[in-house]
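Architecture and fold: a report
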Amino acid sequence: MMSLPAEDGSTETSPLAPGENYGSPSNMDGPATTKTSKADEAADGNRLAAPSAPEDDLPERETWIGKLDFILALVGFSVGLGNVWRFPYLCYKNGGGAFLIPYFIFLLGAGIPTFFLEIALGQFMSLGGLKAWNICPLFSGIGMASMVIVSFLNMYYVMVMGWALHYFFASFTSELPWATCGNWWNTPRCIASDEEIRKSENSTVNSTLLNVTMTTVAPNATNENGTRIAASLEYWNNRVLQISGGLDQPGSMQWELILCLLLAWIIVYFCIFKGVKSTGRVVYFTALFPYVVLFILLVRGVTLDGAGIGLEFYLKPNITRLGDPEVWMDAGTQVFFSYSIGLGSLIALGSYNKFNNNCHRDAIVFACVNTGTSLLSGIVIFSVLGHMALQQDVTVAEVAESGPGLVFIVYPKAVTLMPLSPLWAILFFFMVLLLGLDSEFCGVEGFVTSCQDMYPHLLRRGHNREIFIAVVCFVKFLIGLAFCTQGGMYVFQLFDNYSASGMTLLWVTFFQAICIGWFYGLGDRVGWNFGGTKFYWDIKSMLGFRPILWIKICWMVVTPIMTMGIFIFSLVKYQRPTYNKTYEYPPWGEALGWLMALASMVMIPVGFVYKILTTKGTFSERIHTLLTPIYTKRKGDNGEMGEDGNAIAMTDGSENRP
């Protein structure tokens, strides 16, 4: 904070700290300065003291090399399988084109403002998702909650890459293994060709689909009505998963899945072990190549017979669906899922930007790319599903599916209907692999960055970072072995429903908006220069201009209302978890899921209590201290530390924190 001598011996403190030192103060049209006492100056001296000598010996914190590195990393991390396997289905399910109305309302009122908040916070503080909340120490539990969520996400999301690798390798054949019956994993009820489907005596409206979605019974269960089962479904259940009868039946390990999971973690490790300089190079391929495949599939999909049928189901508006509150909940949760909000990784990626990077422009570009990818994916998916429905003489509603059911059952079945089906299968699963890969390694990078900021003297020296990442990947691989058992799919769905669910993300996002919108800078506020207003001026110190006023209004009012509203509604509509709509999780399984959800959610209130109890002084002094920002000391473009560097001359304060 910039302290100026006054005539009465006190000091004047600029309310725009730390941003007021960027450029000339005369160019800033922020609030006026005010006087502070010598006691406040002494407190500031402790808070902003120069770091100890050993910190000067630390290697300089890395930054992105190319101008596109950051944007491509954002695209790679946030544009993933949710855009391909979740958005198209939700759009169809919730009124087609009419679903775009609540989607864009939540996007403009919560999604983009919160996304911009996270990357701007990381850039401003130059710290990862944990230490960045030194900006308001009372809310440091937000960082811990995000770390827990992203840790859970990294553990199970990589399993999707493992499944994709399995299908990718299995596609290198003249005849796809899920296109035929008569294999060791098939049952007498297996049916493969469309001609057989149409001739089958059990080929009714409900059974023609042959339970091709994820809502079928487990393969070892008795199917009393004798419904025939698609070969693609039997391959998924009986060959890939070899699924057991429930969560309490883990069964044996699947060595092929273990090897695929191990390979996935090895790929992730080599994408990030050298830091953002290597990550920035990798994302040029992992973020861009899926679009090449997507456009190839788009051209092929829209030229298939029946594509128009699928697109009509996808986009035909049904305005009456807007009266259903669940449509609005789906829209809100999809925005948070697809924009990867609340995980802390966006803050970590933003922390590698230079202080004056135009993150406002980056946020707009990313929003267009992310939403555009979702819409484009829907065209690709539903054009193929329309062809599939035409071939099987059923409605698109019966083949539309979301999640793993779309990627590993419906679409594999669809590619068998195309000429050169192995080629299309290879392209599709390679795209799925890349979509999962950059989301995974950017998530791991976010976790590692937070740990590195906690222990910079240890992890920023020598090869300690590479060793630490190897340990993290290996430990999470060992935990991931639970997904490689015959009961692994039940564990996977439990993680997916609770550990990184919409409920936990909404909880974290609500407190992020409240923290920045209302509590940031209250400890050293000057007039109304606190909360969203103060951060608004901080952003101007970075960018040289202020974003539109709507962004600040969202931080302070719109986003908290939207996130808490969806959160409460999700609790009201809560249902016990099931798998395949037939298997109901046992109470102990449901309890385990809630423990995973609460493991992150309780970090925020626990953080409040811990900070208040461990900070010195009276209660009011503690609150004052915990609402006073602890800024980051960073090196400027001129290579110097301090106020004459690239803006802010502060310390991260970890050594001086009471």
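Note that the structure is predicted; figures quoted are calculated from it, not measured.

What counts, and at which threshold
- Residues numbered from 1 in each chain as written.
- Predicted model: local features only at pLDDT ≥ 70, side-chain atom pairs only at ≥ 80, totals over all residues.
- Heavy atoms only, no water.
- Phe/Tyr/Trp six-rings, centres within 6.5 Å; stacked < 30°, edge-to-face > 60°.
- Helix = DSSP H or I, 4+ residues; strand = E, 2+ residues; numbered from the N terminus.
- Buried < 20%, exposed > 50% of the residue type's maximum accessible area, 1.4 Å probe, protein only.
- Lys NZ or Arg CZ within 6 Å of the ring centre and 35° of its normal.
- Disulfide = S-S within 2.5 Å.

**Thoughts on the packing of aromatic side chains**
Going through the model one piece at a time under the given rule, you end up with 58 aromatic pairs. Judged by centre distance (5.2 Å) and plane angle (50°), the ring pair of F139 and F519 falls under tilted. In this pair, F139 is assigned in the loop between α6 (100-125) and α7 (141-170) and F519 in helix α22 (residues 502-519), connecting sequence segments 380 residues apart. Judged by relative accessible area, F519 falls into the partly exposed class, the value being 29%. Stacked on the ring of F447, the Lys or Arg K476 has its end atom at 4.3 Å from the ring centre. Here the basic side chain of K552 rests over the ring of Y536, its NZ or CZ set 5.3 Å away from the ring centre.

**Here we look at unusual backbone geometry**
The backbone of Q242 shows a phi angle near 45°, a positive value even though the residue is not glycine. For S340, which is not glycine, the phi dihedral falls at a positive 55°. Relative to the assigned elements, S340 resides in the loop between α14 (325-338) and α15 (345-350). Residue S340 is classed as buried on the basis of its relative accessible area of 7%.

**Here we look at the state of the cysteines**
A complete count under the given rule lists one disulfide for this structure. C181 shares a disulfide with C190; S-S distance 1.9 Å. Looking down the S-S bond of the C181 and C190 bridge, the torsion is -80°, so its handedness is left-handed. The partly exposed category is assigned to C181, whose relative accessible area is 30%. With no disulfide partner, C515 has as its closest neighbouring cysteine sulfur the one in C136, 4.1 Å distant. Residue classification places C515 among the buried positions, given a relative accessible area of 0%.

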